[in-house]
Amino acid sequence: MIPMRIPSLLVLCGILGSLPPIGCSAIVAADPVQCTSDSECTARGPDFQGTGCALAGPNKGFCVENRSASVGECTTNADCVDLTGPGSVCTVDAAQPRCVPLLGDDCPLTYGNPFVENTVTFALLGDFTANDPGRGRDLGNFEAASLALSEFQQQSSFALAGNRRIALVGCSQARPKATTARLAAAGIKAILGPSDPAKLVRVVEQSGAFGIPVFATSAAQNTAVSVPGGTSAVFLTGSSQDGVVAGINGVLSDLSGTVRAARNRGFVRVAVLVDGSLEAYAPVLREKLIFNGKTALQNQADASCANCYTAVSLTRDGAPIAPSEIAASLAEFKADIVIPLSEGGFGNYLARVEALPAPAVPPYYLAPFIDVEDASYHVELASHSTLQSRVIGFRPLRQESAYASFESRYRSFAAAEAGPGPMPSLQNVRIYEATQLAIYSTFMASRGGANGRFEGAQVAAAVPLVTAPGAETIDVGPLGIPNAVGALARTGKMNLNGLFTSFMFLPNRSAANAWEVWCMDGSGRYGATKRTMTVTGEWTGVPAVCGAAQ
Amino acid sequence: MQFRMFAASAVGATFAVACLDTSPTVTLGRDAGTTDGGTLVLPGELLPADPPNCLPCAAAKSSDLRTNRVCVGDATPTRPNSSTRLAAFLTCACRTSCASACADSCSGAPMTTACELCTSTSCATERAACEAP
């Protein structure tokens, strides 16, 4: 490990205009080090009377007039323009403030101005640069977080202690360790994301030591919780693997009854299709997927049902497998129920599979919408009435009116033209909700710190106050903000209720999931049925049968 | 005793992002640290390479605008990489000029006829750049 260093230069008056506490009469000699203690300064002669030895900061080792000012190298962001260049901030909340670059090539997006003095900054990690392969997917996350922030900025009732403002930076997750380490050093107060769950552990490895809260919207890699510092600072607000599997098990149980009756036999044959990051589900499903009264693993080994479970990847060496090959696999397996766990666009794929000569008894499809409400089913299949009755799925349970309001606000916010912009993905919604959680937690942290000063660890510590069971329930969105401010002022706690997310964190730090079953209606919309799973895992309503009146 | 006055340099004005690719640790361009952390050292980390079978811009445009597998290593001296060209197309198609016509395609569906029609006229430049071989 060889640190790269730019050679130290003797620093004096050229930058002192931006460091007012240190006068230009501070004296620097050619000596590489003048002092290690105050007495060494006074011993240097009459010209050094009244000086002290700077023990840290840019003048470390030199005799200066105002020693206290040089313990930290800056007191404002303006100080840092000269010290470390544009794009740097002074970590004013640290015991020993320093200048750290906040923006770089890896953080190209900002909302709000992080360089206004005393601004509190959040970072959103995703694919945002030219070196990232998923900008089309993640730009909506930045818009969602910015929308949440804008809605607070428009509320006169909401203010952090010290009237500090909040800004957002959007940073690449391509190098999660390097970027997170720099952001943590720059004093950011919360991390939203990353969008790629495989990067989460590396983010927490760097943020954990600072106690900075990480609001991760995908819980596929919840091992991040066990990283040092993660136990108290990681909040998995997305769908957890266990939550998704619970949803699949519930719908599969309902669907199995329909299929067994239709096939007139006592078991069903199930095939799971996985691709992309969702391949991480394959081992979980083997252990926890339940049908025919057994686990998938037991079904796979059960000769009495002719080994009635299989998992098939939709890709090989990173390339999509041809639909004809998948169709042949499913026909050979004689799948009754197919569960596609795809990152998006499976409806298009399914249309191509279904266009092939069908097996004698075509399968049912159970489609979980985890991070994306896959528009391709209804685009491709809306006119395919027989298939509509064979496609059923589930998505996060939501309040339709509140969700419709959010969707409208988001589409307006994201569009540059007069018409509505793109629909939000489920991931976008979760980022919006998580940003609100971070803002309310920051509000409480700012109230607790002296003179409005606080660090990320205080934000993490405030999350339980904002998600307190039994406290006044506050819905996310702009209408809830005045009520939230009132509740927090009166009682010091509230219970944030998301559009999707209950923010009821389980012992594994995942938010409990609630699901609703959908069917595709005649106009191609994914209509919610009355079949739902609550956050406690209980199923309510009668089993849904798609293609029939609900 | 002789005193010398030195004009200050903007110490460490360069944020050594480029160094992150090759060095195990990187300081932020100055030696004088503070007592709460000493010299700021960042972990070095290589940029990930393109996955096998990443999607060129044209393929991503027609299959899934929200894909996370666009090529980033295919820039030429005269043409930005696919990620950059797709981002420009997305901005036009999904936000500035065809947001309504492309609502489904910008929400994960493959390119629809309505989106094709709109972008062929209102996003012609971005579209041509994306489709360039």
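Residues numbered from 1 in each chain as written. Chains lettered and ligands numbered in written order. Predicted model: local features only at pLDDT ≥ 70, side-chain atom pairs only at ≥ 80, totals over all residues. Heavy atoms only, no water.

(A) Summary view of the nonpolar core. Residue and element names in this part refer to chain A. Residues Phe122, Phe215, Tyr377, Tyr440 and Met494 are the most contacted members of the largest nonpolar core, which totals 80 residues. In contact with Met494, not counting residues within four places along its chain, are Tyr440, Leu465, Val466, Thr467, Ala468, Ala471, Glu472, Ile474, Ala484, Ala487 and Leu488. The next biggest cluster of nonpolar side chains, apart from the first, holds 33 residues, and it includes Val259, Val274, Tyr281 and Cys546. (Core = buried A, V, L, I, M, F, W, Y, C linked by side-chain atoms within 4.5 Å. Buried < 20%, exposed > 50% of the residue type's maximum accessible area, 1.4 Å probe, protein only. Contact = heavy atoms within 4.5 Å.)

(B) Main features of the sheet that holds strand S8 (residues 190–192) of chain A. Residues and elements named next belong to chain A. With mixed pairing, the six strands of this open sheet are ordered in space as S5-S7-S6-S8-S9-S10. Each edge of the open sheet carries a strand with a single partner, namely strand S5 (109–111) and strand S10 (234–239). When strand polarity is set aside, the average angle formed by the axes of neighbouring strands in this sheet is 20 degrees. Pairing analysis gives two bridges linking S8 to strand S9 (residues 214–218), with the strands arranged parallel. Its bridge partner being in S9, Ile191 is matched across the sheet by Val214. (Pairing = 2+ DSSP bridges. Helix = DSSP H or I, 4+ residues; strand = E, 2+ residues; numbered from the N terminus. Axes fitted to C-alpha atoms, helices over the stretch in contact; angles between N-to-C directions.)

(C) Focus on the side chain of Asp275(A). Among the structural elements, Asp275(A) can be located in the loop between strand S11 (270–274) and helix H9 (281–288). Excluding residues within four positions of it along the chain, Asp275(A) makes contact with Leu314(A), Thr315(A), Leu341(A), Ser342(A) and Glu343(A).

(D) Just the state of the cysteines, in detail. Residue and element names in this part refer to chain A. Across all of its chains, the model carries 11 disulfides over all chains by this definition. Through a disulfide, Cys107 is tied to Cys171; the S-S separation comes to 2.0 Å. Between Cys107 and Cys171 the sulfur-sulfur dihedral comes to about 105 degrees; the bridge is accordingly right-handed. Here Cys171 lies in strand S7 (residues 166–172) and Cys107 lies in the loop between strand S4 (99–101) and S5, a separation of 64 residues in the sequence. Under the relative-accessibility criterion, Cys107 is labelled buried at 2%. For Cys171, a relative accessible area of 0% gives the class buried. Note that Cys519 is cross-linked by a disulfide to Cys546, the S-S spacing being 2.0 Å. Judged by the sign of its S-S torsion, about -80 degrees, the cystine formed by Cys519 and Cys546 is left-handed. In this pair, Cys519 sits in strand S22 (residues 515–520) while Cys546 sits in the segment after strand S24 (539–540), placing the two residues 27 residues apart along the sequence. (Disulfide = S-S within 2.5 Å.)

(E) Structural detail: the packing of helix H15 (residues 400–414) of chain A against helix H16 (residues 426–448) of chain A. All names here are of chain A. The N-to-C vectors of H15 and H16 enclose an angle of 95 degrees; their axes lie 12 Å apart at closest approach. In terms of orientation, H15 lies roughly perpendicular with respect to H16. Of the residues in H16, those touching H15 at Tyr403, Phe406, Arg409 and Tyr410 are Asn428, Val429 and Tyr432. For the contact of H15 with H16, the class distribution of residues is five nonpolar, one polar and one charged. (Parallel < 35°, antiparallel > 145°, perpendicular 65-115°, else oblique. Nonpolar A, V, L, I, M, F, W, Y, C, P; charged D, E, K, R; others polar.)

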